[in-house]
There are 4 protein chains.
Amino acid sequence: MKIGIVGVTGYGGIELYRLLTAHPDVETISLYSSSQAGGTIKDIYSHMNTVTNHRLLDIQPEQMKRELDVIFLAAPAGVSSELTPQLLGDKAKVIDLSGDLRLHNRNTYSQWYKKEAAPDSVLAQAVYGLPEWNKENIASADLIANPGCYPTAVLLGLGPLMRSHSADPSSIIIDAKSGVSGAGKNPSAITHFGHTQENFQIYKVNEHQHIPEIEQQLTEWNGAVTPITLSTHLVPMTRGIMATMYMKLHEEITLRQLVEQYQAYYQDQPFVRVREEGNFPCTKDVYASNYCDICLALDNRTRRVTVVSVIDNLMKGAASQAIQNMNLVCGLRETTGLEYLPVYP
Amino acid sequence: MKIGIVGVTGYGGIELYRLLTAHPDVETISLYSSSQAGGTIKDIYSHMNTVTNHRLLDIQPEQMKRELDVIFLAAPAGVSSELTPQLLGDKAKVIDLSGDLRLHNRNTYSQWYKKEAAPDSVLAQAVYGLPEWNKENIASADLIANPGCYPTAVLLGLGPLMRSHSADPSSIIIDAKSGVSGAGKNPSAITHFGHTQENFQIYKVNEHQHIPEIEQQLTEWNGAVTPITLSTHLVPMTRGIMATMYMKLHEEITLRQLVEQYQAYYQDQPFVRVREEGNFPCTKDVYASNYCDICLALDNRTRRVTVVSVIDNLMKGAASQAIQNMNLVCGLRETTGLEYLPVYP
Amino acid sequence: MKIGIVGVTGYGGIELYRLLTAHPDVETISLYSSSQAGGTIKDIYSHMNTVTNHRLLDIQPEQMKRELDVIFLAAPAGVSSELTPQLLGDKAKVIDLSGDLRLHNRNTYSQWYKKEAAPDSVLAQAVYGLPEWNKENIASADLIANPGCYPTAVLLGLGPLMRSHSADPSSIIIDAKSGVSGAGKNPSAITHFGHTQENFQIYKVNEHQHIPEIEQQLTEWNGAVTPITLSTHLVPMTRGIMATMYMKLHEEITLRQLVEQYQAYYQDQPFVRVREEGNFPCTKDVYASNYCDICLALDNRTRRVTVVSVIDNLMKGAASQAIQNMNLVCGLRETTGLEYLPVYP
Amino acid sequence: MKIGIVGVTGYGGIELYRLLTAHPDVETISLYSSSQAGGTIKDIYSHMNTVTNHRLLDIQPEQMKRELDVIFLAAPAGVSSELTPQLLGDKAKVIDLSGDLRLHNRNTYSQWYKKEAAPDSVLAQAVYGLPEWNKENIASADLIANPGCYPTAVLLGLGPLMRSHSADPSSIIIDAKSGVSGAGKNPSAITHFGHTQENFQIYKVNEHQHIPEIEQQLTEWNGAVTPITLSTHLVPMTRGIMATMYMKLHEEITLRQLVEQYQAYYQDQPFVRVREEGNFPCTKDVYASNYCDICLALDNRTRRVTVVSVIDNLMKGAASQAIQNMNLVCGLRETTGLEYLPVYP
């Protein structure tokens, strides 16, 4: 297969490149950049030294859509809205890692992203790329909206509970924590080592653009869902997300029953690992892998369930999930090129 | 004043020692250790090299209670229950940093600490040392139960809201995060650098022994409080706690009104800094200081209030709060020896 | 191929396991442990959850040597000296990751390791497994002594300079820095997060057991080498070694010539990347990969050359180099199962 | 005393501010900034929230020199060269934390700093502010050039050895490591958390502008000193410098004798702690303090001495040393306002 990556200079793009070079069905990888065309990837990323002389190409949609099998878009918000229409309609499947194509409602997008949304005709084609819950639609799609990092951890963690209607859909509180790579590669005061090291920060309280993405999927699962609370924090580490989620249980369900529901839902999903009671995951349990580890606790004093879900934000939260989608779109085995055990320690 | 520290070999104890050597009203400091008596403090702590030849003494209660003005107990759970009765009744005031004397109810203690509680006669004398809410009782006490690290952050963050009865007391969810020093100085698998670095961990879900301590104080403020949810996490940093707390608001109160309530409650409290809307603190804002920084947010979509409270767990969460209590007990100005600006970066 | 790992509970062992599960020529992996036989690997390593039910077996040398193709020994110093003689002489090739079999001289071993050395008959069979300099001997060996982490970085960095005789062999000073995983998995005061975070430590000054290993190889390259100076430091990070090395240059050689010598020496070595002048590597450039990156500088004011060499201590410094040796020993392509790009960020 | 700080928005400036607010002889502190005049310090530094409403003033040299007792310059290289002449000649003493006034030779400055040097008339007045070696000159100076961070660690570590002429002055190799705060507060690719975390970097090999500063002082101590080798590295931590230094010993001096020489030299210096053989310091031993800890090792195999010296780069390497100089210049006790024990853990 011939692959193109737009926006390889960001963290999501370079991670895609790393994984695709080891993917057995990938024949060629072309790299595109609007800002740095003409340079080579090793000028930007010193760890690519001697590995590649890949030159960054100008984005030429006509040629790309005709010659490439899959195009990954890993550019900042706003780029995909403009670029996607030009890439569809020919051979290439498009997998977009930005938030541009995830929300069905253009007004919701504008409100949370402070940008104009993509045309409805494009949004209508975009299939939400959460493979564990949407595999059939993904397999037949031309355009995939790859989920955000927080939504991936949250939705995999809440899905079975929402579908089983055993918890109060107006009680969802999500306290999410991410490594600093989630803030991207551009230097800023908030990601400067002197500020970030030995520091735990909270940001975008009630304002994170992943809130409507999560609500959209939750509502599809359960129409009674009301607006959620999502708090996002920066952990002084590079990779990893933990979402700690709280809901009130409706009825006299036991923790054992809940865990078994989860295990049943995910038993055929190779990348979701439902853990036994009390065996809580840490983010390092999934470092540099495509796994999502989930564990539940139930407090009988409060009848609240606590769901803990961890992923690597650059992997299952971005690049490796995008490749999982590529595998499905291209009719490959879902796990191809993704069977990485977590890197530990 | 003549001061004694029992348990100086732990993180709380050595922090007490550091602060007390710079306290203008402290004349002598005697150090006690059951396990390492006979050694010197610099044998244990290399950063004390050449600073001190302080020898660690055997614990001799009779002499200590007679000769010392203030005795700090910074020993592991269980020690204070036995030692405190022998130290009371003479000159010395006792300030206990452990959890042994904080809970009024002996059964509750046994249930959460898995140990036998101190005698009721001792518990009855122990005054809960949260100065911002209990100053008068502290000033006249002989025995202070210094609050736990999580309870300090949580109670300072929730106090005004509980007292104003403007939020639903059955809706309290607390998601708390601590630096690794909270787990103490003893090496273990959970605090080993290879495991902890680049890792975010959750622990003691619904089982942390600080839960009943928080509930006890909340209930004193508002009898309608029901069991709370508290989740505790380990952040890959040494110092700092952030508690992110969620409650449902009763009525049509505005965020501005809430912030003003907080500012009014704390206006005469030198170590609590209530911040303006949107100006959320990070843990580094209070690093190595006695401050607690608090900020609130209100989501009008959900009518949930989010309260964020940060402290340095070894300072306001342990040693410097203990000295704040000492100042009050001894009739000194509350801020004496504690006017440290945060260390940044 | 059927593979066995002895000592999978340590960092080196679990890294071997991770890499071998992705190796295309590996058919089965058996895990052995003297201390934890009977348990499963996921009981020890939570990130292996659901991945494996591999049970840890008792070490049974007779059976192992007969049935396995390759046995990796990743046990603490002293174990291999005793175990290796029982594993040789049948089908299995043995690759030892400890320091037990690297030194030819038994007295030198005893002096630096404070243990009794392996029998001369075993030492005589052990081939030093530094593939870039010893490929032919490795290919025909039954027993490989996998190099230490510091020696790997140092020897790859100094090799061409020693062979070209262009520097003073009595002037070698090596200042080496390692991530904390180099100190192993056992919790200790020196690897406790509270001590290690925000800390840079020096240890074993002039006493590190890797000194004689480095000197042995340097002397083979250049008989005029005198005792070296090696300082070892712990960096507050998990993985990575940088060796900064200083030598006095003999003659009027230019930096350009030196770099070209290095590039010529290593041009057919897939895992050594000689960088251009001024383009110094950092440890993250080789994170979780088998690469060694090398760069040189020459100060014309002092006529001293500075050689900088970086590796991942658990990969090229231990596990992935061991698999590189396995590939050579088994007649596979040297890079099989090792073509990992560095994980960044 | 009335104090002014120019450049309080940088790390050195804010550290000065923190320390000066706790200094017993400081009456007022005025803050100056060319870039951010009109703003307040808490707009820039969130941890100063509620502590101060200090407004940043425009730099007005005429008024400052007349009204202030001491002016600290903590601005980037180049500013002091221009500003200092306007501040001298009246009441104010000037203490400059930049590198502008440290080098006697204007050409040397231009060569290493790539800027034009200050006028000779200004340089002639500048006294090098290394108190342990220059106390008398400092006490009578109007203008102090506060030493660089690396030079402080290096010169305190080498001083006694240079003065005793017991080592070869042409053999000095210095391998220095610094926390990331040494690179300043401005965000950049090199200090971005995603790049710096889990990374050890080398930079400015043979090109660091602190080289001539070190050589200038070494040559004053021993005219036979030849150009030195200095390598500088970035450690993934915020604060701390360790210099590991190597020299060849001339004669049959023992380690014990060397240590005693050091102890004799520094016995009246309150901030230099010479440690016993084998008791090597780590950077955390001096965290947030004005101490410099030194330890020596001698390898009888090589007759090389290894000197290890650690400081906090923002304290003894910048702000607290500047205050030590202020104390001397103003006739105060040298330790006033500086008696901080290291913060640990």
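As the structure is a computational prediction, the values presented were derived from the model and not from experiment.

A few words now on the environment of Val225(C). All names here are of chain C. Here valine 225 shows up in the loop between α10 (210–221) and β10 (229–235). For valine 225, a relative accessible area of 12% puts it in the buried group. Considering only alpha carbons, one finds valine 225 and glutamate 251, 26 residues apart in sequence, at a separation of 17 Å.

Across all of its chains, the model carries 28 aromatic pairs over all chains by this definition. Aromatic side chains Tyr344(B) and Tyr45(D) sit 5.7 Å apart centroid to centroid with 70 degrees between the ring planes, which places their arrangement in the edge-to-face category. Of this pair, Tyr344(B) sits in the segment after α12 (319–329) while Tyr45(D) sits in the loop between α2 (41–44) and β3 (56–57), each in a different chain. Just above the ring of Tyr291(C) sits the side chain of Arg273(C); from NZ or CZ to the centre is 4.0 Å. Cation over ring: Lys284(C) sits above Tyr344(C), and NZ or CZ is 5.7 Å from the ring centre.

For the rest of this paragraph, the subject is the side chain of Asp299(D). Mapping Asp299(D) onto the fold places it in strand β13 (residues 292–299). Classification of Asp299(D) as buried rests on a relative accessible area of 6%. The contacts of Asp299(D), once residues within four sequence positions are left out, are Asn206(C), Ile228(C) and Arg304(D).

Okay, the relation of the copies chain A and chain D next. For the pair chain A and chain D, the best superposition has an RMSD of 0.0 Å and corresponds to a rotation of 180 degrees with a translation of 0.0 Å parallel to the axis. Read as a symmetry element, the transformation amounts to a two-fold axis. Here 100% of the interface residues in chain A have copies in chain D that are interface residues too; the copies meet face to matching face.

By a widespread convention, an interface's size corresponds to the accessible area lost as its parts come together. Residues and elements named next belong to chain A. The domain boundaries assigned to chain A delineate domain 1 (2–146 + 318–329) and domain 2 (150–311). Just the C-alpha atoms count here: the centres of domain 1 and domain 2 sit 25 Å apart. Listed by partner, the interface residues are 20 residues for domain 1 and 30 residues for domain 2. The junction of domain 1 with domain 2 conceals about 2100 Å² of combined surface from both sides, 57% of it contributed by carbon and sulfur atoms. Three residues, Trp112, Glu132 and Trp133, lead the burial of domain 1 against domain 2; their summed loss comes to 35% of the area buried on that side. Connecting domain 1 to domain 2 are 2 salt bridges. A salt bridge links arginine 239 to glutamate 15; the shortest N-O distance between them is 3.0 Å.

Rules used in this analysis
- Residues numbered from 1 in each chain as written.
- Chains lettered and ligands numbered in written order.
- Predicted model: local features only at pLDDT ≥ 70, side-chain atom pairs only at ≥ 80, totals over all residues.
- Heavy atoms only, no water.
- Helix = DSSP H or I, 4+ residues; strand = E, 2+ residues; numbered from the N terminus.
- Buried < 20%, exposed > 50% of the residue type's maximum accessible area, 1.4 Å probe, protein only.
- Phe/Tyr/Trp six-rings, centres within 6.5 Å; stacked < 30°, edge-to-face > 60°.
- Lys NZ or Arg CZ within 6 Å of the ring centre and 35° of its normal.
- Contact = heavy atoms within 4.5 Å.
- Least-squares fit on C-alpha atoms with pLDDT ≥ 70 in both.
- Domains from an automatic or database assignment.
- Buried area = accessible area lost by both parts, 1.4 Å probe.
- Salt bridge = Lys/Arg side-chain N within 4 Å of Asp/Glu carboxyl O.

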